Amino acid sequence: MVALICCKFIFYWQNHRLFTIKFFAKTQALLYTETMIVAEGICKSYNGIQALSGVSFHIGEGEIVGILGRSDSGKTTLMSILSGCIHADSGYAKIGGFDLAKKTIEAKRSFGYVPSRSLLYPDMTVHGFLNFAGRLRGIPEKKLGEAVFECLRVVSGEYLLNRKISGLNRFEARLINFAQAVIAKPPVLLIDAPTAGLEPLETQRIRNLIGQLSLSHTILLSTSLLYEAAELCSRVIILNGGKVAADRKMEELSGRTNGLQLRMRIEGDEEIIRRALMPLEDEDYALCYTERTEEKNVFRISVECDHDIRRKISGICAENKLAILEMRQTSVSLEDIYFQLTSDST
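Note that the structure is a prediction, hence the values are computed from the model and not measured.

**Section: the pattern of salt bridges**
- All told, the structure shown has 11 salt bridges when counted by the stated rule.
- Note that Arg-153 and Glu-150 form a salt bridge whose closest N and O atoms lie 2.7 Å from each other. Separated by three residues within a single helix, Arg-153 and Glu-150 lie in helix H5 (residues 141-154), roughly one turn from each other.
- Residue classification places Glu-150 among the partly exposed positions, given a relative accessible area of 28%.
- Through salt bridges with shared partners, a single network forms among Glu-63, Arg-235 and Asp-247.

Here it is, written out as structure tokens:
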């Protein structure tokens, strides 16, 4: 009897243990795939000039995220690090759960990379190049032909199959760059400046392609075009001076456009103007001294607000004997928000 009870106990314990192991394995697998791209504390400098400083973010499975910033913001450096082309000075990156520095091969199998400029071999045909790309990706020889035709079908580039790469125009070369990135069906795509240098119709075709690819891939793309990020991305990470200035969902940024912006030209001494308007900053109004005009002692100032404060500002200027040369109220645009986030602080 005791032996029977012991056997039953061992049986139930082993089954419970097996269930527990399977449960945690499934949970870990779920957590493993939820976060597809990780950047943590990435820093990079060139000859003492800091290109990236402590850049961190996580991107979940199925997201399409834009890295947005000016030409000197660090976008290209970040994409080069994430694609494994260069190493960070400090910090780390993971793609598909694999550390780029420690498990480089596994990490690189997890993504396809579309560079900002063509890195194709001009002496090869499109068919030959994609065969070569497929072999590098480890696609079995017997499946290679099918993979080549499928990746060309995905980018609508079947007609380019037997063309020589040296004869492709910029748009066609961009299509082949996309094709080689998706040939092995990786879960993640890294896309650098996808529409740079293209004609308007070509630009829209590339954006349509990215939208189609986003249905089956996690996508991180870099761009300096705000309207491109707004059209394609559900979330944007804005870089400024090598640092993350904002990491927001597009609807959060768009929600800020429901506010008002007051634009003014005020004549007077700069120190007196700043001191006079300081109470507005104390009340959490966002003031931006956008520029000094060509007129002597005249400054352009914008104020973000959620209601009309023109009378309040008129009263402040009257008390301080400051002349308002212009005052107009407008709605806040995405461009205004982008300018504020990427302008150098004064």
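Picking up after the structure, the text goes on.
**What to know about the sheet that holds strand S3 (residues 64-68)**
- Here six strands make up an open sheet; going across it, the order is S6-S7-S8-S3-S9-S10 and the pairing mixed. Each end of this open sheet is capped by a strand with a single partner; those strands are strand S6 (111-114) and strand S10 (243-249). Going from strand to strand, the sheet's axes swing by 15° on average, the running direction of each strand aside.
- Judged from the six bridges that link them, strand S9 (residues 235-240) and S10 form a sheet pairing that is antiparallel. Its bridge partner being in S10, Val-236 is matched across the sheet by Arg-248.
- Packed onto the sheet, helix H6 (residues 170-182) meets S6 and strand S7 (188-192) and runs at close to 170° relative to S6.

**Considering the packing of aromatic side chains**
- Under the definition given, this model contains two aromatic pairs.
- Look at Tyr-121 and Phe-129: their rings are 6.2 Å apart centre to centre, the planes differ by 55°, and that puts the pair in the tilted class.
- For the pair Tyr-121 and Phe-132, a centre-to-centre distance of 5.9 Å together with 75° between the ring planes defines the contact as edge-to-face. In this pair, Tyr-121 is assigned in the loop between S6 and helix H4 (126-136) and Phe-132 in helix H4, connecting sequence segments 11 residues apart.
- Given the relative accessible area of 44%, Tyr-121 is considered partly exposed.
- You can call Phe-132 partly exposed: its relative accessible area is 32%.
- Counting every residue linked through ring pairs, the aromatic cluster contains Tyr-121, Phe-129 and Phe-132.

**Observations concerning the environment of Leu-341**
- Counting through the fold element by element, Leu-341 comes out in helix H12 (residues 334-342).
- Leu-341 gets classed as buried once you look at its relative accessible area, which sits at 16%.
- Apart from residues lying up to four places away in sequence, Leu-341 is in contact with Ile-238, Asn-240, Ala-245, Ala-246 and Leu-253.

Procedures and definitions
Residues numbered from 1 in each chain as written. Predicted model: local features only at pLDDT ≥ 70, side-chain atom pairs only at ≥ 80, totals over all residues. Heavy atoms only, no water. Salt bridge = Lys/Arg side-chain N within 4 Å of Asp/Glu carboxyl O. Helix = DSSP H or I, 4+ residues; strand = E, 2+ residues; numbered from the N terminus. Buried < 20%, exposed > 50% of the residue type's maximum accessible area, 1.4 Å probe, protein only. Pairing = 2+ DSSP bridges. Axes fitted to C-alpha atoms, helices over the stretch in contact; angles between N-to-C directions. Contact = heavy atoms within 4.5 Å. Phe/Tyr/Trp six-rings, centres within 6.5 Å; stacked < 30°, edge-to-face > 60°.

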